[in-house]
There are 4 protein chains.
Amino acid sequence: MADMRANPDVKRGRPRQLSVRDAVLAGAGQLLLQAGTKGFSIEGVARLSGASKVTIYKWWPSKGALALDGFYTLVSPSIDTTLTGDVEQDLVTQVSAVLALFRDTAIGPILAGLIGEAQRDPELAAAIRERWLEPRRQCGVAIVEAAQAAGHVRPDLDPTMILDQIYGPIYLRLLVGHAPLTDDLAAALVRTILSGVLCRASDASERPARSTHHEHNWTRRDELAKAPSAARHS
Amino acid sequence: MADMRANPDVKRGRPRQLSVRDAVLAGAGQLLLQAGTKGFSIEGVARLSGASKVTIYKWWPSKGALALDGFYTLVSPSIDTTLTGDVEQDLVTQVSAVLALFRDTAIGPILAGLIGEAQRDPELAAAIRERWLEPRRQCGVAIVEAAQAAGHVRPDLDPTMILDQIYGPIYLRLLVGHAPLTDDLAAALVRTILSGVLCRASDASERPARSTHHEHNWTRRDELAKAPSAARHS
Amino acid sequence: MADMRANPDVKRGRPRQLSVRDAVLAGAGQLLLQAGTKGFSIEGVARLSGASKVTIYKWWPSKGALALDGFYTLVSPSIDTTLTGDVEQDLVTQVSAVLALFRDTAIGPILAGLIGEAQRDPELAAAIRERWLEPRRQCGVAIVEAAQAAGHVRPDLDPTMILDQIYGPIYLRLLVGHAPLTDDLAAALVRTILSGVLCRASDASERPARSTHHEHNWTRRDELAKAPSAARHS
Amino acid sequence: MADMRANPDVKRGRPRQLSVRDAVLAGAGQLLLQAGTKGFSIEGVARLSGASKVTIYKWWPSKGALALDGFYTLVSPSIDTTLTGDVEQDLVTQVSAVLALFRDTAIGPILAGLIGEAQRDPELAAAIRERWLEPRRQCGVAIVEAAQAAGHVRPDLDPTMILDQIYGPIYLRLLVGHAPLTDDLAAALVRTILSGVLCRASDASERPARSTHHEHNWTRRDELAKAPSAARHS
DNA sequence: ATATAATCGAGACGGTACGTCAAGTCTTGTT
DNA sequence: AACAAGACTTGACGTACCGTCTCGATTATAT
């Protein structure tokens, strides 16, 4: 994308006043916190920030874009996870971080609101995908692919789908609220998708054993005993 | 919801005109189809149906409630699946039905829009949970619980979570669009959550075994042949 | 202009709330007085009157229309002149009334502002013509035509033009302010257009004297000097 | 307007670039022609001329001032009438010139728009008076005063008022549009104000008396020949 | 040559008003 | 009582022009 203007290096005109930009972003974040996505309006941001509507319209193409930028003043987009090399542990660590963000801060509902808004604003949807979802998924994909390379995870599976099966439930619960985002959810989701759901014992009794000599099943989840029954919901 | 009024049996005044109700619902459904959740408005429904705004406000508590009712004039809420007793097959059948609904009809985006709207309308959220999500989940829960009872599925797992790990990815893709809803998605999701993701001991012949001392095998994922890697998305 | 609706006599819906109408008009008048045509804005009227902008836009097609209506809450459109039958006296009476209105009240500048606004609003221009100018001119025309009928005024002249030559100077001064609207202006304008400007004495020197005994010439119009014949033309 | 600075002869800094001045004026004139007074805006002139808004604001105190200057790029302010000494003829010549300008060129409406704008811009009003109205009136005043000196026009009359009674109707029609600016208007206006409107006694001798018992003759306006009724307006 | 000073284009910015849309609430008369 | 028609307030939308304000680049005279 080469710059088409005559003198791209020559900066002409009054330079953008960064204080205004910051005030707008701060106002947007504040308004999101106070009023949520529902009460979010460009006029509200203008009021809060002291900027004029025209200025906002100049720099942000749409309400959604502004809201997303405001959202990012609330969340630092840091995804710094030190990997251990253990699939389960690494995934749980990362998922737990996201989960904690949704549970313990106000940004859970706000992100939900943004995704809701994205249903009527395709550009916002794209922005959310690119700026929020994908970066986070990259880490997960890296973990899974490393595990595949190390031979811990079946290589024929699409890492993307595996991640969806971990994050999907979280976002689904965030968006429709049919079940709570409990603390142990991250661990449970990861463990289940890793080991699967089928009984080892039942295989033995009901089906012809395909191979009888196999030891190992899921390395380190032996005592899965304690029921996560609290995950039920009215 | 029993009628709470003093004399429920004494009906005075003009009785409710059901034709109006139907016209409103038809108009709501039509408007949803034509304009989507974004262009859906009570005034639009009034225009289309010939009913007056007051009438609509009288019988539907909110825009969301009307939209959901309109939505149900488009989708028959039938979930009639004949179960075979095979967990995988039954789940795939059911999930495929939902998936086809989202893929092939207009109701995928409309439902997404409704869930989006629900972010700013808690009552709509509750209604969606109760009227759409839960009925569908009951079937799935029944399948899983039957499998647990039959000893095919590990009894320590929460069926709810298992279902979330199947449906979550679908709704996530529907809402965020980071990956397409492919045809084989249902089968892949079900198979993966059933069998898990880790390498089996049988792989030990192929790869260096990490630990050697357990039994369980869960055969039946050998011919996972067709790569679901097409699920990637731009 | 027959009413085209199905049942023109059946009044349906909530009737227009006249109190709102009155409040808007009062607000418009007040705003005109306070801020003049320059500071007049629909939003200002909405603020002052307590009515909403939408309501104002519903009933008044444009800012100009509202301003003109507001103007009429300041001026009662009464043009009640008892005619005596004497052209000069009747005209002076009427013109003086208008002049006094322009001089002594605030409506002079306001009307000027409206005419100014009419330069960019053809509908306002038409409304001013029909509702302000013409009614007033009718009276003048009536006086002139009566005088023509009575033989006091030359019948070959267009009464419209005569009135323009009386009122034109007043509006011109009102609009461009190059000369003041003095008290005696009405009398002077009327007298001059009635008697003309040419000297009788000059006629005497250049032409065969028609009459010789005048000490003053234009006081009464009994024997007025004849128009120079050069003025005739096809 | 002498230069008030300390050292008026010492010119320092970059001298004013006259090409900019000309471009702005040309742009202003062009915009007036294209969009009229209504669509005239400083930003538009800046766009058209390539000058920056600041430059325009520096050299022209207000939008009206710029518009007037732009107006003068469209009209050459020449008022070159060779006088014959005959009041009527000279006045008609001059008035006809103005009338033709208003009728046949675009500057009639533009001038009307400027006068309209002047209602909200006192400085523009003053400028119009000084730069447009007065110069033109000077000529007329000269003619009238010459006629007064020659004894053709009554010396007790204010030439200003006489001119107002000629030009007033023209501007009134230009601004309000209640009657058209016809070709013969100039001659009619001049003739009427010169001769007056009242019936002359001399007509009694020139025409066959219709009825003998009154002092005026033309009972009804028998041969109104060319009807001036066309001067009426919708 | 090197300040000093003005001109000028580009463009950012707050402000006021524009005209429109839909949400809800209300007030009629009609069924 | 149910209902249609429609008046009304509220709040936000996105746009236009105003007038002011930095910037950097340019172009002259004065030291």
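Because the structure is a prediction, the values reported are computed rather than measured. (Residues numbered from 1 in each chain as written. Chains lettered and ligands numbered in written order. Predicted model: local features only at pLDDT ≥ 70, side-chain atom pairs only at ≥ 80, totals over all residues. Heavy atoms only, no water.)

Is there a simple way to explain the overall build of chain A in this structure?
The secondary structure content of chain A amounts to ten helices and zero strands. Counting helices and strands in the order they occur from the N terminus, chain A gives α-α-α-α-α-α-α-α-α-α. (Helix = DSSP H or I, 4+ residues; strand = E, 2+ residues; numbered from the N terminus.)

What exactly am I supposed to notice about the packing of helix H1 (residues 18-35) of chain C against helix H4 (residues 63-74) of chain C here?
The packing of two helices is summarised by the inter-axis angle and the distance between the axes. Residues and elements named next belong to chain C. Where H1 contacts H4, the axes come no closer than 7 Å and their chain directions differ by 85 degrees. Viewed along their axes, H1 and H4 adopt a mutual orientation that is roughly perpendicular. Contacts from Val24, Leu25, Ala28, Gly29, Leu32 and Leu33 in H1 reach Leu66, Ala67, Asp69, Gly70, Phe71, Thr73 and Leu74 in H4. (Axes fitted to C-alpha atoms, helices over the stretch in contact; angles between N-to-C directions. Parallel < 35°, antiparallel > 145°, perpendicular 65-115°, else oblique. Contact = heavy atoms within 4.5 Å.)

Before we go on, may I ask you to explain the side chain of threonine 192 of chain D in this structure?
Checked against the element boundaries, threonine 192 of chain D lands in helix H9 (residues 185-195). Classification of threonine 192 of chain D by relative accessible area gives buried; the value is 3%. Apart from the residues lying within four places of it in its own chain, the contact partners of threonine 192 of chain D are Leu157, Met161, Gln165 and Ile193 of chain C together with Val197 of chain D. (Buried < 20%, exposed > 50% of the residue type's maximum accessible area, 1.4 Å probe, protein only.)

Got a minute to help me understand the pattern of salt bridges in this structure?
A side chain with one charge can pair with a side chain of the opposite charge if their charged atoms come near. Tallying each qualifying case throughout the model produces 38 salt bridges over all chains. For aspartate 164 of chain A, the salt bridge is made with arginine 173 of chain B, and the minimal N-O distance between the two is 2.7 Å. Residue aspartate 164 of chain A is found in helix H8 (residues 159-176), and its partner arginine 173 of chain B is found in helix H8 (residues 159-176); the two belong to separate chains. With a relative accessible area of 0%, aspartate 164 of chain A lands in the buried category. Residue classification places arginine 173 of chain B among the buried positions, given a relative accessible area of 2%. Ionic pairing is found between arginine 154 of chain B and aspartate 156 of chain B, a salt bridge with its closest N-O pair at 3.4 Å. For aspartate 156 of chain B, a relative accessible area of 18% gives the class buried. Through salt bridges with shared partners, one network takes in Arg103, Asp104 and Asp183 of chain A. (Salt bridge = Lys/Arg side-chain N within 4 Å of Asp/Glu carboxyl O.)

So what exactly am I meant to see when it comes to the protein's contact with DNA strand E here?
Near DNA strand E there are 48 residues, and of these Lys58 of chain A together with Arg12, Arg14, Gln17 and Lys58 of chain D occur at the shortest range. Of everything in DNA strand E that lies within 4 Å of the protein, sugar and phosphate atoms constitute 62%. Serine 52 of chain D is positioned such that a nitrogen or oxygen atom in its backbone is 2.9 Å from a phosphate oxygen of DNA strand E. Those elements giving two or more residues to the surface near DNA strand E turn out to be helix H3 (53-59) of chain A, helix H2 (42-49) and helix H3 (53-59) of chain B, helix H2 (42-49) and helix H3 (53-59) of chain C together with helix H3 (53-59) of chain D. Looking at the surface near DNA strand E, its residues break down into 17 nonpolar, 13 polar and 18 charged. (Near = heavy atom within 4 Å. Polar contact = N/O pair within 3.5 Å; in protein donor to acceptor, adjacent residues only side chain to side chain. Nonpolar A, V, L, I, M, F, W, Y, C, P; charged D, E, K, R; others polar.)

Just checking my understanding: could you explain the protein's contact with DNA strand F for this structure?
The environment of DNA strand F is made up of 53 residues, and the closest members are Gln17 and Lys58 of chain B, Gly13 and Lys58 of chain C together with Val54 of chain D. Sugar plus phosphate: this is where 64% of the atoms of DNA strand F within 4 Å of the protein reside. The backbone of isoleucine 42 of chain A places a nitrogen or oxygen atom 3.2 Å from a phosphate oxygen of DNA strand F. Between a phosphate oxygen of DNA strand F and a side-chain N or O atom of threonine 55 of chain C, the distance comes to 2.8 Å. Elements that contribute at least two residues to the surface near DNA strand F include exactly helix H2 (42-49) and H3 of chain A, H3 of chain B, H3 of chain C together with helix H2 (42-49) and H3 of chain D. Taken together, the residues that form the surface near DNA strand F break down as 19 nonpolar, 14 polar and 20 charged.

Help me understand the confidence of the model for chain A in this model?
For residues with low pLDDT, the predicted coordinates do not support detailed interpretation. In the predicted model, chain A carries a mean pLDDT of 83, and 79% of its residues have values of at least 70. Low pLDDT, under 50, characterises residues 1-8 of chain A; the predicted model gives this stretch one contact beyond four residues in sequence or across chains. (pLDDT = per-residue confidence, 0-100.)

Looking at this structure, how should I read the packing of aromatic side chains?
Two aromatic rings are characterised by how far apart their centres lie and by the angle between their planes. All names here are of chain A. Applying the stated criterion across every chain yields a total of 16 aromatic pairs over all chains. Ring geometry for tyrosine 72 and tryptophan 132: centres 6.2 Å apart, planes at 55 degrees, overall tilted. One end of the pair, tyrosine 72, is in helix H4 (residues 63-74); the other, tryptophan 132, is in helix H7 (residues 122-150), with 60 residues separating them in the sequence. For tyrosine 72, a relative accessible area of 13% gives the class buried. The structure contains a cluster of three or more aromatic residues connected by ring pairs, namely Phe71, Tyr72 and Trp132. Above the face of the tryptophan 59 ring, arginine 16 is positioned so that its terminal group lies 3.7 Å from the ring centre. (Phe/Tyr/Trp six-rings, centres within 6.5 Å; stacked < 30°, edge-to-face > 60°. Lys NZ or Arg CZ within 6 Å of the ring centre and 35° of its normal.)

In this structure, what is going on with the packing of H7 of chain A against H8 of chain A? I would like to understand it.
All names here are of chain A. In the contact formed by H7 and H8, the axes pass within 9 Å of each other and the chain directions differ by 130 degrees. On the basis of their axis angle, the class for H7 and H8 is oblique. The hand of the H7/H8 crossing is right-handed. Counting all contacts with H7, which are made through Trp132, Leu133, Arg137, Gly140, Val141, Val144, Glu145 and Gln148, the residues of H8 involved are Pro159, Thr160, Ile162, Leu163, Asp164 and Tyr171. By residue class, the composition of the contact of H7 with H8 is eight nonpolar, three polar and three charged. (Left-handed = near helix turned anticlockwise from the far one by under 90°.)

Explain H2 of chain D to me, please; I cannot follow it from the model alone.
Counting along an α-helix, one turn takes 3.6 residues, and residues three or four places apart therefore face a common direction. Residues and elements named next belong to chain D. Those residues of H2 lying buried are Ile42, Gly44, Val45, Ala46 and Ser49. Buried residues belonging to H2 abut helix H1 (18-35), H3 and helix H4 (63-74). Just past H2, the residue glycine 50 takes up positive phi, approximately 80 degrees.

Whenever I open this one, the environment of arginine 14 of chain D confuses me. Can you help?
Residues and elements named next belong to chain D. Structurally, arginine 14 is set in the segment before H1. Residue classification places arginine 14 among the exposed residues on the basis of a relative accessible area of 71%. One polar contact links arginine 14 to glutamine 17, side chain to side chain, over a distance of 2.6 Å.

Help me understand the side chain of aspartate 69 of chain B, please; the structure alone is not making it clear to me.
With respect to the helices, strands and loops of the structure, aspartate 69 of chain B is situated in helix H4 (residues 63-74). Excluding residues that lie within four positions of it along the chain, aspartate 69 of chain B makes contacts with Leu25, Trp60 and Arg131 of chain B.

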